[in-house]
Amino acid sequence: MIRKVKSRYLLLMAILLPLSAYGEEATQRRYHDVSVIYGFSPMTDRNFWDGDEYKSLGAITAQYIFNISKRVGIGASIGYQHYDARHASYTANDLTGMLILRLNWINKQDFTLYSRTGFGVCLMNDNSNKQGDNQSTAFQLPSIGTTFDLGKGFWGLAEFSLFSYQGLLMLGVGYSF
């Protein structure tokens, strides 16, 4: 009799244990965020000093954030921007790397409102022999952004910044794990 009850209990546990783990996973906090972002109108040193000379379609950025808590995340980003000269045949490229601090103001399962700031370096290269290789300090003033759930750990983002080497308006997708 005891063996029969014990075996039923073990069978019930074998069925319920995976179900309870699934429910826990759905509400578990995710520590890592990776994203790909496209930024419109990046504000770099090249835009300030040679703004009339170059044109760019925008910057593409890859970003990683480690969420220390529900409210604070730190990470890094690397971005690339290509320029064509407006009146000549030469091109230029900027590679930007930044350390990122993100503060989540509203943090729901399907929606997040956050601010982000960054500081780093921008490596500039052009083939005109006019400027040669150069570097400058890269930064992003506090921006405001939002994420929205796309399902199964994927999310979209939209962000606006007053001044950023990654773009004044940024749109992207990300994955949390």
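So, here is what we can say about the structure in this document. Residues take numbers from 1 onward in each chain, read along the sequence in its written order. Side-chain atom pairs in this predicted model are given and counted only at pLDDT of 80 or more, local residue features only at pLDDT of at least 70, and totals for whole chains, interfaces and linings cover all residues. Neither water nor hydrogens contribute to the side-chain values; these are computed over all heavy atoms in the structure.

## Brief notes about the environment of Y90
Here Y90 lies in the loop between strand 3 (72-85) and strand 4 (91-107). Buried means the residue's accessible area, taken with a 1.4 Å probe over protein chains only, is under 20% of the maximum for its type, while exposed means over 50%, and partly exposed covers the values in between. On the accessibility criterion, Y90 (18% relative accessible area) is buried. Taking the C-alpha atoms as reference points, Y90 and Y54, 36 residues apart in sequence, are found 9.5 Å from one another. To qualify as a helix, a DSSP run of H or I must reach at least 4 residues; to qualify as a strand, a run of E must reach at least 2; elements of each kind are numbered from the N terminus.

## Observations regarding the pattern of salt bridges
Once the charged atoms of two side chains with opposite charge are near each other, the side chains can pair. When a carboxyl oxygen of Asp or Glu lies within 4 Å of a side-chain nitrogen of Lys or Arg, that pair is called a salt bridge. Applying the stated criterion across every chain yields a total of 2 salt bridges. Here D33 makes a salt bridge to R102, at a shortest N to O gap of 2.7 Å. Taken together, the positions of D33 in strand 1 (residues 32-40) and R102 in strand 4 put the pair 69 residues apart, joining distant regions of the chain. For D33, a relative accessible area of 7% corresponds to the buried category. With a relative accessible area of 7%, R102 lands in the buried category.

## A short note on the side chain of S176
By the element assignment, S176 lies in strand 8 (residues 169-176). Here a polar contact means two N or O atoms within 3.5 Å. Within protein one must be a hydrogen donor candidate and the other an acceptor candidate, and residues neighboring in sequence count only if both atoms are side-chain atoms. At a separation of 2.8 Å, a polar atom in the side chain of S176 contacts the side chain of W155. The contact criterion used throughout is that any non-hydrogen atoms of two residues lie within 4.5 Å. With sequence-adjacent residues up to four places away left out, S176 is seen in contact with R30, H32, D33, G153 and W155.

## Topic: the environment of G75
Looking at the secondary structure, you find G75 in strand 3. For the pair formed by G75 and D33, sequence separation is 42 residues and the distance between their alpha carbons is 9.1 Å.

## Notes on the nonpolar core
In this description, a nonpolar core means a group of buried Ala, Val, Leu, Ile, Met, Phe, Trp, Tyr and Cys residues linked to one another through side-chain atoms lying within 4.5 Å. Residues I65, M98, I100, C122, M124, A138, F163 and Y165 constitute the largest nonpolar core, which totals 8 residues. Contributions of two or more residues to this core are made by strand 4 and strand 5 (111-126). Those residues in contact with I100, other than ones at most four positions away along the chain, are Q63, I65, G73, I74, G75, A76, S77, R116, T117 and G118.

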